[in-house]
Amino acid sequence: LAGRVAWRALIPTAALTSLGMAGVSVYSTIYMSHAITVSTERFGPIGAAFAVVSWLIAVALVMVVAAVLGATIAQRAAASDPSSDEDGVP
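In short, a report on the structure. (Residues numbered from 1 in each chain as written. Predicted model: local features only at pLDDT ≥ 70, side-chain atom pairs only at ≥ 80, totals over all residues. Heavy atoms only, no water.)

**Concerning the overall build of the protein**
Then, in step 1: What the protein contains, in helices and strands, is two helices and zero strands.
Then, in step 2: The C-alpha atoms of the protein give a radius of gyration of 19 Å, which is well past the 12 Å a tight globule of 90 residues would have.
Then, in step 3: Dimensions of the protein, computed from the C-alpha atoms along their principal axes, are close to 60 × 20 × 20 Å.
Then, in step 4: Taking all 90 residues of the protein together, the buried fraction comes to 21%.
Then, in step 5: A separation threshold of at least 6 residues defines the contact pool for the protein, and within that pool the share at least 24 residues apart is 63%. (Helix = DSSP H or I, 4+ residues; strand = E, 2+ residues; numbered from the N terminus. Rg over C-alpha atoms; globule rule 2.2 N^0.38 Å. Buried < 20%, exposed > 50% of the residue type's maximum accessible area, 1.4 Å probe, protein only. Contact = heavy atoms within 4.5 Å.)

This is how it looks when you write it as structure tokens:
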């Protein structure tokens, strides 16, 4: 970001992304191997592809939700900080 955004403003997004990806990791460890096996047995190779695409959608959802929530948290924190400028960037 070439210094355009302060590190403090990026911390909420990083924390939320880390937590979300940890959750996806647990989900992957517990459920995905079973989902791929069952889908492959039922539907063949396309079932395995659908299971993997479902996992990719979960990863994308975590990233988008974390980015939106992190930006919202950073903006609210910047709005309450009197040392930041009108854009909310210190």
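**Remarks on helix H1 (residues 7–43)**
Then, in step 1: Look at H1: only 47 Å from first C-alpha to last across 37 residues, short of the 54 Å you get at 1.5 Å a residue.
Then, in step 2: Pro12, Gly20, Val24, Met32, Ala35 and Ser39 are the residues of H1 that are buried. (Expected span 1.5 Å × (residues − 1).)

**A few points about the side chain of serine 39**
Then, in step 1: Residue position: serine 39 is located in helix H1.
Then, in step 2: We classify serine 39 as buried; its relative accessible area is 17%.
Then, in step 3: If we skip the residues at most four places from it in the chain, serine 39 touches Gly44, Gly47, Ala48 and Ala51.

**Observations concerning helix H2 (residues 45–80)**
Then, in step 1: Compared with the 52 Å implied by 1.5 Å per residue over 36 residues, the 53 Å span of H2 between its first and last C-alpha is a close match.
Then, in step 2: Where H2 is buried, its residues meet H1.

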